Amino acid sequence: METVVDTEVLVVGAGNAAMAAAVAARKQGAEVVVLEKASKSERGGNSALTVHMRFPYRGMEDLTPLLSDVGEDETRSLAARVSDYTESDYYDDIMAVTDGRSDPTLANILVSEAYRTVLWMRSYGHAWIPSHESPTSANVVSFDGGGFAMQERWFRAAEGLGITVHYETRAIELLRDRAGGVTGVQARTGDRDVRYKSRAVILACGSFESSPEMRARYLGAGWDKVKLRGVPFNTGDGLNMALELGAQSYGSWSTCHASPQDSNRPEFDVPGPGVSGVYWSRYSYPFGIMVNVDGHRFVDEGETWRGLTYAKTGRAILSQPGGLAFQVFDSEQRRRGLIRGYEDATGYKSNSLEALARDLELRDVGAFLGTVREFNDAIQEGEFHPFRLDGKSASGITPPKSNWALPITSPPFEAYPTICGMTFTYGGLKITPSGEVLHESDQIIPGLYAAGEMVGGLWHDNYPSGGGMMAGAVFGRIAGTEAAQRVLSDG
Ligand SMILES: Cc1cc2nc3c(=O)[nH]c(=O)nc-3n(C[C@H](O)[C@H](O)[C@H](O)COP(=O)(O)OP(=O)(O)OC[C@H]3O[C@@H](n4cnc5c(N)ncnc54)[C@H](O)[C@@H]3O)c2cc1C
């Protein structure tokens, strides 16, 4: 027999966007139920695997209120590295990485609401610590305890507000009244059907990155085979449910966020205490060179801040023969502490580049040696600085290297095989500034809201690190507030 659950605002998904929406709606006074496909022990979505969110700040004045009790030394060292990151810097970064294609309305809301939203999150116990990563641009603080602790804080806040989360419950269909308004969700838990009746539904159940079928359909051949960096639960359910209702698809459905990962990374990750979303990431490439199996370089490794290039670098790796790339460093990069987070990396070390190339089973050892020689010869005068766009370039070669060009000359040499890892997809639904989902006819679908990865239009081809979590919190908070206000004002 079918169970029926009644509530005012129903939130689908329990990642950062969903929890921001749930908390915001409850704070307005609405009764809120959250549905989550994963079990309680695997809850948190991709959000639980993250590190930081990108927001604008005016130096320490804006950062200090967000910090955990990190001590004077840490605060002083952060202050020494921090300058301002304004709303217009943020907006410009979004437009630069998306080649001007980000929806200006959404981008404006994101940058103008971001700092207000992190302060609001702070009021629910969220906390940040100084970040020591480089070169990421802007993300000078990260979640205290990582994304896992951040999500646990959301769950604690939700519990404190009386929000119920139904785990192992998969939303499968949107319910509608005769006028086309959304009145709830049909869901499945174990072998039971549950009908959730509600006055508003907020879809925040991720994109379609975990569905090989949808990846192949929208991103193209080969994408069905890539390994996921995140959870296996985001199979496009929310998008499909909304599209079936005639919701307007929006943004870049043929591009996605994909980054360099250890060649031996598992097929996917699930959140849990101590699980780091960046454990398998290989993000020191701006300081070395990357070659393919034929021994050729194929991207400008130092084009700009790593946080503005890594999300498109996975795609570049996937398009190389065998979908493989090798990050190459020498002892100078090691000595300067530039090869970070590679303690357990799949890697090779050798005193000669020739032997290294053989260990890597490169198809053309001579071409590789030529690539390194050509790169070393192309390095220009200038001062190397890991925390600046130092302009120390290798030029006159194709591709050039625009920053952080250090020669690969001093043994031992190190190399790390990397593959493309799928993070999330960019295509989504078109929403209004209030988070309501638009129908193909450009009319609002009454009672239907969307937030997080499901929102289309912000990201195209590339993405600025930290943008996903910030967009999730900003648009989740808006959707939750607006949905609750509408429900409550309708009486
Ligand atoms: C390893 C990794 C590291 C990352 N690091 C960062 C970072 O540092 N900063 C940053 O900004 N971004 C980062 N990202 C991207 C970031 O995770 C996403 O942008 C963000 O988490 C999206 O939030 P969300 O709430 O939309 O989705 P999610 O957090 O993925 O939540 C979606 C939830 O919906 C649930 N769900 C799916 N289908 C259904 C259904 N049918 N019914 C019910 N529930 C369902 C899922 O189980 C999941 O819990 C990272 C991603 C990965 C994978």
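Residues numbered from 1 in each chain as written. Predicted model: local features only at pLDDT ≥ 70, side-chain atom pairs only at ≥ 80, totals over all residues. Heavy atoms only, no water.

Attention now moves to the domain arrangement of the protein. Taken domain by domain, the protein consists of domain 1 (3-255 + 426-489) and domain 2 (260-421). Here domain 1 and domain 2 have C-alpha centroids that lie 32 Å from each other. Facing 36 residues of domain 1, the contacting portion of domain 2 comprises 35 residues. Around 2,900 Å² of area is buried between domain 1 and domain 2 when both sides are counted, 60% of it from carbon and sulfur atoms. In this assembly, domain 1 and domain 2 are joined by zero salt bridges. Counting across the interface, domain 1 meets domain 2 through nine residue pairs in polar contact (both at pLDDT 80 or more). Secondary structure elements with two or more residues in the side of domain 1 that touches domain 2: helix 4 (87-97) and strand 11 (227-228). Here the residues of the side of domain 1 that touches domain 2 are counted per class, giving 15 nonpolar, twelve polar and nine charged. (Domains from an automatic or database assignment. Contact = heavy atoms within 4.5 Å. Buried area = accessible area lost by both parts, 1.4 Å probe. Salt bridge = Lys/Arg side-chain N within 4 Å of Asp/Glu carboxyl O. Polar contact = N/O pair within 3.5 Å; in protein donor to acceptor, adjacent residues only side chain to side chain. Helix = DSSP H or I, 4+ residues; strand = E, 2+ residues; numbered from the N terminus. Nonpolar A, V, L, I, M, F, W, Y, C, P; charged D, E, K, R; others polar.)

Let us look at the site of the ligand. Surveying the vicinity of the ligand reveals 38 residues, the closest of which are E36, S47, H52, D237 and M469. In this structure, N16 approaches the ligand through a main-chain N or O atom, which is 3.4 Å from an oxygen atom. A distance of 2.5 Å separates an oxygen atom of the ligand from a polar atom in the side chain of E36. In isolation the ligand offers 1,000 Å² of accessible surface; the protein chains occlude 98% of this area. Elements that contribute at least two residues to the shell around the ligand include exactly helix 1 (16-27), strand 7 (170-176), strand 17 (413-425) and helix 13 (467-489). By residue number, the principal contributor to the shell around the ligand is helix 13, which donates three residues. (Near = heavy atom within 4 Å. Areas by Shrake-Rupley, 256 points an atom, 1.4 Å probe, with all protein chains shown as cover.)

Take the pairing of strand 2 (residues 9-12) next. Neither face of strand 2 is left uncovered, since the one carrying V9 and V11 and the one carrying L10 and V12 both have all their residues buried. As defined by bridge partners, strand 2 adjoins strand 3 (residues 32-35) across four bridges and the pair is classed as parallel. Its bridge partner being in strand 3, V12 is matched across the sheet by L35. The β-α-β motif built from strand 2, the intervening helix 1 and the parallel element strand 3 has right-handed crossover chirality. Where strand 2 meets strand 10 (residues 200-203), four bridges bridge the pair, whose relative direction is parallel. What sits directly across from V12, in strand 10, is L203. (Buried < 20%, exposed > 50% of the residue type's maximum accessible area, 1.4 Å probe, protein only. Pairing = 2+ DSSP bridges. Right-handed = clockwise from strand over helix to strand, strands pointing away.)

Attention now goes to the environment of E42. Within the secondary structure, E42 is located in the loop between strand 3 and helix 2 (59-63). Residues E42 and V270 lie 228 residues apart in sequence; the distance between their C-alpha atoms is 6.1 Å. Not counting chain neighbours up to four residues away, the residues in contact with E42 comprise F233, V270 and P271.

So, about the pattern of salt bridges. With the rule as written, the count across this model stands at 19 salt bridges. Residue D73 pairs with R76 through a salt bridge whose shortest N-O separation is 3.6 Å. Placement of the pair is D73 and R76 together in helix 3 (residues 72-81), with a separation of three residues, close to one helical turn. D73 sits in the exposed class, given a relative accessible area of 58%. Ionic pairing is found between R217 and E213, a salt bridge with its closest N-O pair at 2.9 Å. Of this pair, R217 and E213 both sit in helix 7 (residues 212-219), separated by four residues, roughly a single helical turn.

The sheet built from four strands is open, its strands ordered 1-9-8-7 with mixed pairing. The open sheet has two edge strands with one neighbour each: strand 1 (3-6) and strand 7. Averaged over all pairs of adjacent strands, the angle between strand axes in this sheet comes to 25°, irrespective of strand direction. In the sheet, strand 1 pairs with strand 9 (residues 192-197) via four bridges, with the strands oriented parallel. If you follow V4 over to strand 9, its bridge partner there is R195. (Axes fitted to C-alpha atoms, helices over the stretch in contact; angles between N-to-C directions.)

Moving on, we get to the packing of aromatic side chains. In the structure shown here, the tally under the stated rule is 22 aromatic pairs. Both rings, one in F287 and one in F384, keep their centres 6.0 Å apart while their planes meet at 65°; by these two values the pair is edge-to-face. In this pair, F287 sits in the loop between strand 13 (256-262) and strand 14 (289-291) while F384 sits in the loop between helix 12 (365-377) and strand 17, placing the two residues 97 residues apart along the sequence. Given a relative accessible area of 2%, F287 falls into the buried group. Judged by its relative accessible area of 10%, F384 is buried. (Phe/Tyr/Trp six-rings, centres within 6.5 Å; stacked < 30°, edge-to-face > 60°.)

This part takes up helix 7. Because each turn of an α-helix spans 3.6 residues, side chains separated by three or four positions in sequence point in the same direction. Every buried residue belonging to helix 7 is among M214, R215 and L219, and all of these are buried. All buried residues of helix 7 project into a common sector of 105° when viewed along the axis, lining one side. Of the surrounding elements, those touching the buried residues of helix 7 are strand 11, helix 8 (237-244), strand 13 and strand 17. Positive phi shows up at G220, right after helix 7, with a value of about 115°. (Arc of directions from axis to C-beta.)

Moving on to the sheet that holds strand 10. A sheet is described by the order of its strands in space; here six strands give the open sequence 6-3-2-10-20-19, paired in mixed fashion. Lying at the two open borders of the sheet, with one neighbouring strand each, are strand 6 (164-166) and strand 19 (436-438). Each strand axis lies, on average, 35° off the axis of its neighbour in the sheet, ignoring direction. This element, helix 13, spans strand 2, strand 10 and strand 20 (444-450) of the sheet and lies at about 140° to strand 20.

Our focus in this paragraph is the packing of helix 1 against helix 13. As a packed pair, helix 1 and helix 13 sit with axes 7 Å apart at the nearest point and diverge in direction by 30°. Relative to helix 13, the element helix 1 lies roughly parallel. Judged by the twist between their axes, the crossing of helix 1 over helix 13 is right-handed. Taken together, the residues of helix 13 that come into contact with helix 1 (itself represented by N16, A17, A20, A21, A24 and A25) are M469, G472, A473, G476, R477, G480, T481 and A484. (Parallel < 35°, antiparallel > 145°, perpendicular 65-115°, else oblique. Left-handed = near helix turned anticlockwise from the far one by under 90°.)

A few words on the side chain of S39. Its place among the elements puts S39 in the loop between strand 3 and helix 2. You can call S39 buried: its relative accessible area is 18%. Discounting residues that sit within four places of it in the chain, S39 has contacts with Y167 and E168.

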